2 protein chains.
Amino acid sequence: MNIILFDRDEINGSTVLLSGHRAEHIINVLKSNPGDPLRTGIINGPTGISTVQQTSGTTVELLLGAHTTAPTPPPVDIVLALPRPIMLKRVLAQVATFGIGRLFLINSNRVEKSFFSASLLGEDKIRQRLLAGLEQAGDTLLPQVSIHKRFRPFAEDVLPKMATDYQEMILAHPGCQFNLGELLPPPLKGRILLIIGPEGGWIDFEVSLLHGHGVRPFHLGPRILRVDSVIPSLLGQLDLLRRL
Amino acid sequence: MNIILFDRDEINGSTVLLSGHRAEHIINVLKSNPGDPLRTGIINGPTGISTVQQTSGTTVELLLGAHTTAPTPPPVDIVLALPRPIMLKRVLAQVATFGIGRLFLINSNRVEKSFFSASLLGEDKIRQRLLAGLEQAGDTLLPQVSIHKRFRPFAEDVLPKMATDYQEMILAHPGCQFNLGELLPPPLKGRILLIIGPEGGWIDFEVSLLHGHGVRPFHLGPRILRVDSVIPSLLGQLDLLRRL
């Protein structure tokens, strides 16, 4: 945990009383004492430095310093064919760690229907995993997650309405002509929508429907990566293309 | 499992008899029947297509086709401060999935001594995790893993002897001047040695010792990533820099 996060409505005057995993981390991992400074952040708000005021066995009271460093909205959103729960759990923390604006979890022919009944898709569970990712990254901006149980309405209605938000909408798909660097020669500017398929890949119908709505495909090379390897690899590459 | 791997000495004439997790995968996941083709590979050797000859409840006999596609040795090696076992487990599969030549697991001031007694560091366990990564990637080349329990002899004796193998030796370290793209402007050529620190980072002495032996530092940006996010992100970036 590289930042202690709390909601604005947890603030009481100039203090915050923490319990649960945040207090445990401060007491048992950081072993902080009264007077010690801690990096803190208001969820979806600015970061700052606070001071440990007092600790009990299970709670920590923080005295808030100025929180003035506003977070930077990440320039990437992801559309992801809903992965199996164990993978989704990792991916939620991962996307928050790397920083994305929105995560659209969508259906696709090769997504198992049962994945949509995963308890992990509850709003609280999603939030908890995203917060774990932000606590790792040191950021405060929660990605907005939405769930789309039907592929076609997503591709035909939702996607076209938001197409103008993006500089490019791109799709990872094996066997197509260009790699990412060829599709988006540096320096990369503007907002990107990155679309990532299910284990086993998209079916042709899906690729051609997305292509028809302005999505451009690129290949990942000859190796077959799991989604929890694809996401950090591609987010790393997009970040690099902005800096070249 | 995107390829079925076996050792050369498992081949008996033109067949291989599989049991254990490979047979289970073919029977229960792929649900292959006699006559079905399968992508196969000889560990550290070429890949090809084989045919399911017969299956029992727990074994599968394959008839080998020509194995002629030689694997490409990856142009990256990694030096990694030994992570905690649960992270190491992921990292071993991950580096094999992405493809690296060698993995040097080294000590550093902020590595807990107990990590070196992890049962995962047994040769068989390491090999098992690497094979899992190769089975995902569809590759056959096992990364060579070595363990170095003392930092200084590694940095002062091992590293200088292999320095000429690399175009660049680079070190991920926060707060330094350049990012990866600035350090290695594209197109990237030649072999890279990528050095990644422990949770909590290197100490100054370590950075300056490595620097003194020709290692150049770069920063990863403001977000704090775990090692299982850093590795795919950087391997993705290095791969991209070769293709620009």
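Structure's up top.
Our subject in this report is the structure included herewith. (Residues numbered from 1 in each chain as written. Chains lettered and ligands numbered in written order. Predicted model: local features only at pLDDT ≥ 70, side-chain atom pairs only at ≥ 80, totals over all residues. Heavy atoms only, no water.)

Observations regarding the relation of the copies chain B and chain A
For the match of chain B to chain A, the screw axis carries a shift of 0.0 Å, the RMSD comes to 0.0 Å, and the turn is 180°. When the rotation and shift are considered jointly, the pair of chain copies conforms to a two-fold rotation axis. No C-alpha of chain B lies nearer the rotation axis than that of B:Ser233, which sits 2.1 Å from it. (Least-squares fit on C-alpha atoms with pLDDT ≥ 70 in both.)

A look at the environment of B:Arg102
On the secondary structure map, B:Arg102 appears in strand S8 (residues 102-106). Distance from B:Arg102 to B:Gly122, taken between C-alpha atoms, is 17 Å for residues 20 residues apart in sequence. (Helix = DSSP H or I, 4+ residues; strand = E, 2+ residues; numbered from the N terminus.)

Some remarks on the sheet that holds strand S9 (residues 144-148) of chain A
Residue and element names in this part refer to chain A. One open sheet holds the six strands; their spatial order is S9-S8-S7-S11-S10-S12, and the pairing between them is parallel. Of all the strands in the sheet, just S9 and strand S12 (215-218) have a single pairing partner and so form its edges. Averaged over neighbouring strand pairs, the angle between their axes works out to 20° when direction is ignored. Relative to strand S8 (residues 102-106), strand S7 (residues 76-81) runs parallel, the two being bridged by four bridges. (Pairing = 2+ DSSP bridges. Axes fitted to C-alpha atoms, helices over the stretch in contact; angles between N-to-C directions.)

Considering the environment of B:Ala132
Residues and elements named next belong to chain B. Mapped onto the secondary structure, Ala 132 falls in helix H3 (residues 123-137). Judged by relative accessible area, Ala 132 falls into the partly exposed class, the value being 29%. With 27 residues separating them in the primary sequence, Ala 132 and Leu 105 have C-alpha atoms 19 Å apart. (Buried < 20%, exposed > 50% of the residue type's maximum accessible area, 1.4 Å probe, protein only.)

Regarding the nonpolar core
The tendency in soluble globular proteins is for nonpolar side chains to be buried side by side. Among the nonpolar cores identified, the biggest contains 130 residues, and A:Ile78, A:Leu194, B:Ile78 and B:Leu194 are the most heavily contacted of them. Residues within four places of A:Ile78 in sequence aside, it is in contact with A:Val95, A:Ile100, A:Arg102, A:Leu103, A:Phe104, A:Leu193, A:Leu194, A:Ile196, A:Ile231 and A:Leu235. (Core = buried A, V, L, I, M, F, W, Y, C linked by side-chain atoms within 4.5 Å. Contact = heavy atoms within 4.5 Å.)

Looking at the pairing of strand S4 (residues 37-42) of chain A
All names here are of chain A. Summarising the sheet, strand S1 (residues 4-6) and S4 pair through three bridges and their orientation is parallel. Across the sheet, Ile 4 pairs through a bridge with Thr 40, a residue of S4. Relative to strand S5 (residues 47-55), S4 is paired through five bridges, and the arrangement is antiparallel. Residue pairing for S5: Leu 38 is matched across the bridge by Ser 50. In sequence, S4 turns back onto S5 through a hairpin of four residues, with Asn 44 there showing a positive phi of about 65°.

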